[in-house]
Amino acid sequence: MSQVLKSWNALGGRQRMVVVGATLAMVLAVLGLSRLASAPNFALLYAGLENEAAGEVVKALEARGIAYDVRGGAIFVPDSDRDALRLTLASEGLPANNGQGYELLDTLSGFGTTSQMFDAAYWRAKEGELARTIVSNPQIASARVHIANSSANPFQRDITPSASISVTTTGGVLSVQQARALKFLVASAVPGMTPEAVAVIDGKGGLIGAEDENGGGITAEDKAAQLRDRVQRLMEARVGTGNAVVEVSVDQVTDSELIRERSFDPESRVVISTDTEELTDRAENTGGGDVTVASNLPDGAAGGPESSSSQKAETRERINYEVSETTREIKRQPGAIRRLTVAVLVNGSYETGADGTQTFVPLPEEELSALRELVASAVGFEEARGDRITLRSLPFDRPEGLGTGPAEPGLFAGAIDTMRLIQMGVLAIVALILGLFVLRPILSRGEAAVAGALPAPEEEVGAALDGEIDPVDALGDLPVMGDGPDFGGMGMVDFDAPAEEDPVDRLRGLIEERKSETVEILRSWLEDDRENAA
């Protein structure tokens, strides 16, 4: 302790300030290390919540006494409690979505509510319910639904309602399939609405699922990506991750065509009705008493009455036939696959020879044939359409061991937070730098100053002050007492003799020359007096 005090006393004012500042920095660094080591790992609980919903979640955490941290609108909790908190808060309806649903209708009373007010509240409620359903998808953070319905105007007819959906995803851009699902969801909830009348807008990707200039829905790139993912999963399941490369090219139909066809088959007749009509006509004529030329003949034969008869029968039959007719209407939309081409590159194995060299061994032909059949089934191969599959086993040009198998987890994988470890390392380095390059040189400099003030062992004993005044050396030419008979052999000082130098002035000169040694002598005297007094 005395050595530390001596070193401290030997430092100047500026050096003392540097030592105090460095010491405080080291203490703060050690406190930071201890805090980081003892603080729990925080994980993300919720992010992107609105202010009201985030405040309710924070209140629930404070009521449970759980430590939390808010960072830029995101709420972090201890990693060990995150999953349990999500389930517990979900059971309590947290975080609540600000978009209200059908509960808006509960606030409407029968008095003072017009039909327009009820219609507006009803569509607001439907928009809120649809937004809640969309947000239930874990990939969607927030959603808003807007429905344009003209039912309030009775003079407008034949107007199809439309809607728009604005979503914010938690990760990447919303896919085309997800956008189509949202369109059908909203269209099914609104009477008279079609999926084509719904627009889906992503905050990151813009308008999603819109038809391109040719009128197609899913683009060729999207279809190729879907097929590539299917084949990639099949290949990696057999040859391992990174040992297969799949490329798919899709040639789509970009023309729209409408074909109407009507054909008749004269050989195919069907009787649909039969109409038969029978007519019979019979007539008889008998002569009367009228005077005619015949009655004036001489024989008188014609004088009697004459008679005649006639009969007519007619049959009519009408049969109606229906000729077989076929009517076909074919509508071809853009997006159909015209031709499909699949290329698969598969890595083989390596055999080590006796001399240590490695030789590439491709996959056997039987295995390649089996893989080719799997690829054909996965992509919907049609030979009549002109599809083609190319499967080859060739060596990959990459570093040894890359992609030969799944990565092995490390010894401390998942046990230590990387960012926390980096922070602790930085604080430890700062503490070491302060200790080794700031405090140690300053303290060493103070010790050297103290050591320089003390006499070296090789110096003569008489050249340094030891706390005892030597009469001869200290006073020099001062007259000394002689051997007088009155003082037991000691002489008296002759005060009448003229002195060459004042002893007091000489003592002052010695003190000015050796200030540090004089201070140490006085300090030793004081310590001796304190010990004697004790």
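Here the structure is shown first, and the text comes after it.
Residues numbered from 1 in each chain as written. Predicted model: local features only at pLDDT ≥ 70, side-chain atom pairs only at ≥ 80, totals over all residues. Heavy atoms only, no water.

With that out of the way, let us pick up the sheet that holds strand E8 (residues 244-252). Spatially, three strands are ordered E8-E11-E14 in an open sheet, and the strand pairing comes out mixed. Of all the strands in the sheet, just E8 and strand E14 (388-393) have a single pairing partner and so form its edges. Going across the sheet, the axis of each strand differs from the next one's by a mean of 5°, ignoring polarity. Pairing of strand E11 (residues 337-346) with E14 involves six bridges; the strand directions are parallel. Bridge pairing in E14 places Leu345 opposite Arg392. (Pairing = 2+ DSSP bridges. Helix = DSSP H or I, 4+ residues; strand = E, 2+ residues; numbered from the N terminus. Axes fitted to C-alpha atoms, helices over the stretch in contact; angles between N-to-C directions.)

Let us look at the nonpolar core. Val231, Met235, Val248, Val342 and Val344 are the most contacted members of the largest nonpolar core, which has 22 residues in total. Where this core is concerned, the elements lending two or more residues are helix H7 (220-239), E8, E11, helix H8 (365-379) and E14. Examining the composition of this core, we find that six residues originate from one element, H8, more than from any other. Those residues in contact with Met235, other than ones at most four positions away along the chain, are Gly240, Ala244, Val246, Val344, Val346, Leu371 and Val375. (Core = buried A, V, L, I, M, F, W, Y, C linked by side-chain atoms within 4.5 Å. Buried < 20%, exposed > 50% of the residue type's maximum accessible area, 1.4 Å probe, protein only. Contact = heavy atoms within 4.5 Å.)

In total, this model carries two aromatic pairs according to the counting rule given. Each ring, one from Tyr122 and one from Trp123, has its centre 5.3 Å from the other, and the planes form 70°; the classification is edge-to-face. Taking the ring centre of Phe76 as reference, the NZ or CZ of Arg71 above it sits at 4.3 Å. (Phe/Tyr/Trp six-rings, centres within 6.5 Å; stacked < 30°, edge-to-face > 60°. Lys NZ or Arg CZ within 6 Å of the ring centre and 35° of its normal.)

What follows deals with a nonpolar patch on the surface. On the surface, Val27, Leu28 and Leu31 cluster together to form a nonpolar patch covering roughly 290 Å² of accessible area. Locating Leu28 in the fold gives a position in helix H2 (residues 13-38). Judged by relative accessible area, Leu28 falls into the exposed class, the value being 59%. (Patch = residues over 30% accessible without salt bridge, like charges linked within 9 Å, V, L, I, M, F, W, Y side chains within 5 Å. Areas by Shrake-Rupley, 256 points an atom, 1.4 Å probe, with all protein chains shown as cover. Salt bridge = Lys/Arg side-chain N within 4 Å of Asp/Glu carboxyl O.)

What follows concerns the sheet that holds strand E1 (residues 42-46). Pairing is antiparallel across the open sheet formed by three strands, whose spatial order is E1-E3-E2. If you trace the sheet from one side to the other, it starts and ends with E1 and strand E2 (69-71), each paired once. Here the strands of the sheet are splayed against their neighbours by 40° on average, with no regard to which way each runs. Note that E1 and strand E3 (residues 74-78) share four bridges and pair antiparallel.

This brings us to the packing of H7 against H8. As a packed pair, H7 and H8 sit with axes 9 Å apart at the nearest point and diverge in direction by 150°. Accordingly, the angle class assigned to the pair H7 and H8 is roughly antiparallel. When you trace H7 past H8, the crossing you get is right-handed. The segment H7 lies against H8, with Leu227, Arg230, Val231, Leu234, Met235 and Arg238 engaging Glu367, Leu371, Leu374, Val375, Ala378 and Val379. Of the residues contributing to the contact of H7 with H8, the split by class is nine nonpolar, no polar and three charged. (Parallel < 35°, antiparallel > 145°, perpendicular 65-115°, else oblique. Left-handed = near helix turned anticlockwise from the far one by under 90°. Nonpolar A, V, L, I, M, F, W, Y, C, P; charged D, E, K, R; others polar.)

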